[in-house]
Structures are given as C-alpha cells and as structure tokens.
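Spelled out, the chains give:
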Amino acid sequence: MALKINEDCINCAACVEDCPNQAISEGPDIYMIDPERCTECLGYHDEPQCIPSCGVDAIIPDPDRRETRDELLAKKERIASDVLMSAKP
Ligand code: SF4
C-alpha cells in the first residue's frame, strides 16, 4: 500500500531525503507522495523510512492504494529500471 501525507503536514521537508524512490515532493499546499513511486520502501528497507522522519505523524497508509508485497516489489523494479534507462546516453 502506498503511503500518503495528510493535512497535518507542516511543510518541513524532513521526509524528502529519506525516500529511496524520490516519491515525495512539494505540492501546492503540503508535501505529497507519488503513489506510482511509493513501495513502502520494500526492496531497500524493511520499514517505511519517511514515517519516523515525520515529526507530526502526518504520513499514513493510503487505504485507497492497497498493494501486495509482490506488487510493491515489482513497482520498485520498474522504478529502478526507469532510472537505469534514463541514465543511458
Ligand atoms: Fe518513499 Fe518509503 Fe515513504 Fe514510500 S514509504 S514515500 S518509498 S520513504
């Protein structure tokens, strides 16, 4: 399941650097997680890295984005291969 940032976000950006998939970016009002890039950190870490970095507990699971472990790992592989392809000359 992808995670999302709720309205408690105070725009401190503490979570951005902790995301191995570059899924977190500044939105119009608060920071946002791209569900197409969030893998719950699977493939890199056992636990989501952004949750403990948030000082106001604004990062939560998104019930509208339920995914299996296999789906999340497949997403991680797709993101990694997109990075490799974009790095080719
Ligand atoms: Fe990024 Fe991991 Fe947080 Fe998802 S759970 S937004 S992959 S740091």
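Residues numbered from 1 in each chain as written. Predicted model: local features only at pLDDT ≥ 70, side-chain atom pairs only at ≥ 80, totals over all residues. Heavy atoms only, no water.

## Quick word on the pattern of salt bridges
Here is step 1 of the chain: Enumeration according to the criterion identifies four salt bridges in this entry.
Here is step 2 of the chain: Between Glu-77 and Lys-76 there is a salt bridge, with the nearest N and O atoms lying 3.4 Å from each other.
Here is step 3 of the chain: For Glu-77, a relative accessible area of 49% gives the class partly exposed.
Here is step 4 of the chain: Classification of Lys-76 by relative accessible area gives buried; the value is 13%.
Here is step 5 of the chain: In this structure, Asp-82 engages Arg-78 in a salt bridge whose closest nitrogen and oxygen atoms are separated by 3.6 Å. Taken together, the residues span about one helical turn, with Asp-82 and Arg-78 both in helix H2 (residues 69-87) at a distance of four residues.
Here is step 6 of the chain: On the basis of relative accessibility, which here comes to 40%, the residue Asp-82 falls in the partly exposed class.
Here is step 7 of the chain: Residue classification places Arg-78 among the partly exposed residues on the basis of a relative accessible area of 37%. (Salt bridge = Lys/Arg side-chain N within 4 Å of Asp/Glu carboxyl O. Buried < 20%, exposed > 50% of the residue type's maximum accessible area, 1.4 Å probe, protein only. Helix = DSSP H or I, 4+ residues; strand = E, 2+ residues; numbered from the N terminus.)

## Side note on the site of the ligand
Here is step 1 of the chain: For the ligand, the full set of nearby residues is Leu-3, Cys-19, Pro-20, Asn-21, Ile-24, Ile-33, Cys-38, Thr-39, Glu-40, Cys-41, Pro-48 and Cys-50.
Here is step 2 of the chain: Along the lines of polarity and charge, the residues of the shell around the ligand split into nine nonpolar, two polar and one charged. (Near = heavy atom within 4 Å. Nonpolar A, V, L, I, M, F, W, Y, C, P; charged D, E, K, R; others polar.)

## Describing the environment of Gln-49
Here is step 1 of the chain: Looking at the secondary structure, you find Gln-49 in the loop between strand S3 (31-33) and helix H1 (50-53).
Here is step 2 of the chain: Among the residues examined, Gln-49 registers a relative accessible area of 27% and is labelled partly exposed.
Here is step 3 of the chain: Put simply, Gln-49 and Met-32 are 17 residues apart on the chain and 15 Å apart in space, counted from C-alpha to C-alpha.
Here is step 4 of the chain: Setting aside residues up to four positions removed in sequence, Gln-49 forms contacts with Asp-18 and Cys-41.
Here is step 5 of the chain: At a separation of 2.8 Å, a polar atom in the side chain of Gln-49 contacts the main-chain carbonyl oxygen of Glu-47. (Contact = heavy atoms within 4.5 Å. Polar contact = N/O pair within 3.5 Å; in protein donor to acceptor, adjacent residues only side chain to side chain.)

## Let's talk about unusual backbone geometry
Here is step 1 of the chain: Notably, Gln-22 is not glycine yet its phi reads approximately 50°, a positive angle.
Here is step 2 of the chain: With respect to the secondary-structure elements, Gln-22 resides in the loop between strand S1 (3-5) and strand S2 (24-26).
Here is step 3 of the chain: When its relative accessible area of 55% is taken as the criterion, Gln-22 is described as exposed.
Here is step 4 of the chain: Of note, Asp-57 is a non-glycine position whose phi angle comes to about 55°, a positive value.
Here is step 5 of the chain: Residue placement: Asp-57 occurs in the loop between H1 and strand S4 (59-61).

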